[in-house]
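Listed below, chain by chain, are the residues.
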Amino acid sequence: MKRAATRAMAMSDVEQMDDDRTNAERDDEVKKEITDFDPQAVRQANAFIITGACFSLGLKYAGSANRAAASAIIERALWFLELRDNKDTVTLTQRPDNSTLITCLCTAAISLAMVMAGTGDLDSFRLFRALRWKCDDGTLYGTHMAFGAAVGLLFLGGGKCTLGSRSEDVAMLIAAFYPHFPVLSSDNQYHLQALRHLYVLAVHERILEAVDVDSNEKVCIPIELSLANSHEPLQASTPFLVANDSEFVELRSKSDRYYPIIINAADWNTRGNLTTLFVKQKAGHLSYLQDPNGLRSLSMQTGIANRESFLKSINLFSNDAMLTSFAKYFCFSSFDDDEPFERFCSDITHECMKEEKSEILPMYLKIVRLIESKGAKRISVENVWDAKLLRTYTETRERIVEKSAASLNLVNRESTALLCERIDDSFDISESTMLSL
């Protein structure tokens, strides 16, 4: 087994597990070791060579979540499982002794767990459950230890950690998962049990998490990862476990609830902790944990007429004290004649909260006072120049800004148009006034 594992470690890819190639290598090894034909020795050599190749795959692709390597190991593990459980004639002729078979099953499970470490892969977990299902008087302590270690590696660090694949990491993994398992917990005859804990030196935290800058809480957001050798990006969501051999080039957030971010991910295949993604939630939206389907965010866009519900929604979607106070004292009153003004205040509160521009509330109040001052004969020069500046800004912005961002204005178009109309009316002089002059 050790000779096959060492030889396979020097090979370059998963093709070492190809049937024809593995069979040829296995025949060569058997011919070198066996001069007199011994059926039991042939079965043992066959099983150990295949197991050694599986162990080498586990070491070479540790923490990479390589599907090709995992599929190759699963195929051999299922074959060992069939040899253990089936009692037909063909299986019995291929089956080695029970001790060899259990050792091969344990090593195959450990190898698969090393490849899929930290991923919580469901197919691998189902296989481990099937392997450890059989428990009788012949099941030794080392068997329970190996299958338990395989399940632990699969959920390493609660899905936040994985195994490294550098030279020093491989050395620690060989020392920890040496394929000779003890009979008892005090069995140190072939391998010191204390060395089984050395796998922690090969553990690296490779979790990619997103944190909201306002609440400082971890959030779940959909992301898109561009691959170096593929035109089709990978769709995922945070938290996301980044494998050791990842070939990601760029990360982009794909959520309409958070402001977009783009990060260079070319150096993620190196060792070390990953950078935390700091994201900012857009106003008028809730996190995916609070609103998985986006229904509450959509209801916010339609507006709420009830006072308590409206104030509750303001506090829920915004932490701005100015916006909350404005909604509390200006949007609702006990006088019927203030209904148009309250409706206007509710509309601008909704607009300022949605576009995160609560600083514009005083400007809106000044604009509405100018619009409603129809009885006033004069308007100050300062107000005229302010209106002219606002109209020039609005017209210029609509010309140079893209259509997608043109809807986000400092002041909405309706208010600007009404203000300009009021200013123009102030310059109209009646005929009687002209004659008196």
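Report follows, based on the coordinates. (Residues numbered from 1 in each chain as written. Predicted model: local features only at pLDDT ≥ 70, side-chain atom pairs only at ≥ 80, totals over all residues. Heavy atoms only, no water.)

Description of the pattern of salt bridges
Oppositely charged side chains may form a pair once their charged atoms are brought near each other. With the rule as written, the count across this model stands at ten salt bridges. With its nearest N and O atoms 2.5 Å apart, the salt bridge here joins Arg-252 to Glu-224. Here the residue Arg-252 occupies a position in strand β9 (residues 248–253), and Glu-224 occupies one in strand β6 (residues 222–227), the gap between them amounting to 28 residues. A single burial state applies to Arg-252 and to Glu-224, both of which are buried. When salt bridges that share partners are traced, they join Arg-166, Glu-168 and Asp-169 into one network. (Salt bridge = Lys/Arg side-chain N within 4 Å of Asp/Glu carboxyl O. Helix = DSSP H or I, 4+ residues; strand = E, 2+ residues; numbered from the N terminus. Buried < 20%, exposed > 50% of the residue type's maximum accessible area, 1.4 Å probe, protein only.)

Focus on the packing of helix α13 (residues 339–355) against helix α14 (residues 361–372)
Close contact between α13 and α14 brings their axes to 11 Å; oriented N to C, the two are set at 150°. The angle between the axes of α13 and α14 places the two elements in the roughly antiparallel class. Taken as a pair, α13 and α14 cross one another with a handedness that is right-handed. Of the residues in α14, those touching α13 at Phe-341, Phe-344, Ile-348, Glu-351 and Cys-352 are Leu-361, Tyr-364, Leu-365 and Val-368. Grouping the amino acids of the contact of α13 with α14 by side-chain chemistry returns eight nonpolar, no polar and one charged. (Axes fitted to C-alpha atoms, helices over the stretch in contact; angles between N-to-C directions. Parallel < 35°, antiparallel > 145°, perpendicular 65-115°, else oblique. Left-handed = near helix turned anticlockwise from the far one by under 90°. Contact = heavy atoms within 4.5 Å. Nonpolar A, V, L, I, M, F, W, Y, C, P; charged D, E, K, R; others polar.)

Topic: the pairing of strand β7 (residues 234–237)
With four bridges joining them, β6 and β7 adopt antiparallel strand pairing. Looking across to β7, one finds that Pro-222 is bridged to Ser-237. Hairpin connection between β6 and β7: a loop of six residues separates the two successive antiparallel strands. (Pairing = 2+ DSSP bridges.)

Description of the nonpolar core
With 49 residues, the main nonpolar core has Met-114 and Phe-128 as its most contacted residues. At the level of elements, α3 (39–60), α4 (67–85), α6 (98–115), α7 (122–131), α8 (141–154), β1 (161–163) and α9 (167–176) are the ones that each hand at least two residues to this core. If one sorts the elements of this core by residue count, α6 sits on top with twelve residues. If sequence neighbours within four positions are ignored, Phe-128 has contacts with Ala-109, Leu-112, Ala-113, Ala-150, Val-151 and Leu-154. The next biggest cluster of nonpolar side chains, apart from the first, holds 25 residues, and it includes Leu-286, Cys-352, Ile-367 and Ala-387. (Core = buried A, V, L, I, M, F, W, Y, C linked by side-chain atoms within 4.5 Å.)

Re α7
Turning to α7, its buried residues number three or more, namely Ser-124, Leu-127, Phe-128 and Leu-131. When α7 is viewed along its axis, its buried side chains cluster within an angular range of 100° and face the same direction. Away from its buried face by more than 90 degrees, α7 exposes Arg-126 and Arg-129. Those residues of α7 that are buried lie in contact with α4, α6 and α8. (Arc of directions from axis to C-beta.)

Topic: the packing of aromatic side chains
Taken as a whole and judged by the stated rule, the model has three aromatic pairs. A centroid spacing of 5.4 Å and a plane angle of 85° characterise the contact between Phe-125 and Phe-155, whose relative ring orientation is edge-to-face. Of this pair, Phe-125 sits in helix α7 while Phe-155 sits in the loop between α8 and β1, and the two are 30 residues apart along the sequence. Taking the relative accessible area as the measure of exposure, Phe-155 reaches 38% and is therefore partly exposed. (Phe/Tyr/Trp six-rings, centres within 6.5 Å; stacked < 30°, edge-to-face > 60°.)

Structural notes on the sheet that holds β7
Across the sheet, which stays open at both edges, the four strands sit in the order β7-β6-β9-β10 with antiparallel pairing between neighbours. The open sheet terminates on both sides in strands that have one partner only, identified here as β7 and β10 (262–264). Pairwise comparison of adjacent strand axes, ignoring direction, gives a mean angle of 25° for this sheet. Bridge count for β6 against β9 is five bridges, and the pairing is antiparallel. Note on β9: the bridge partner recorded for Glu-224 is Arg-252.

Digging into the sheet that holds strand β5 (residues 218–219)
Pairing is mixed across the open sheet formed by three strands, whose spatial order is β5-β4-β11. Here the strands that pair on one side only, and so sit at the sheet edges, are β5 and β11 (277–279). Pairing analysis gives two bridges linking strand β4 (residues 210–212) to β5, with the strands arranged antiparallel. Bridging from a neighbouring strand, Val-211 pairs with Lys-218 of β5.

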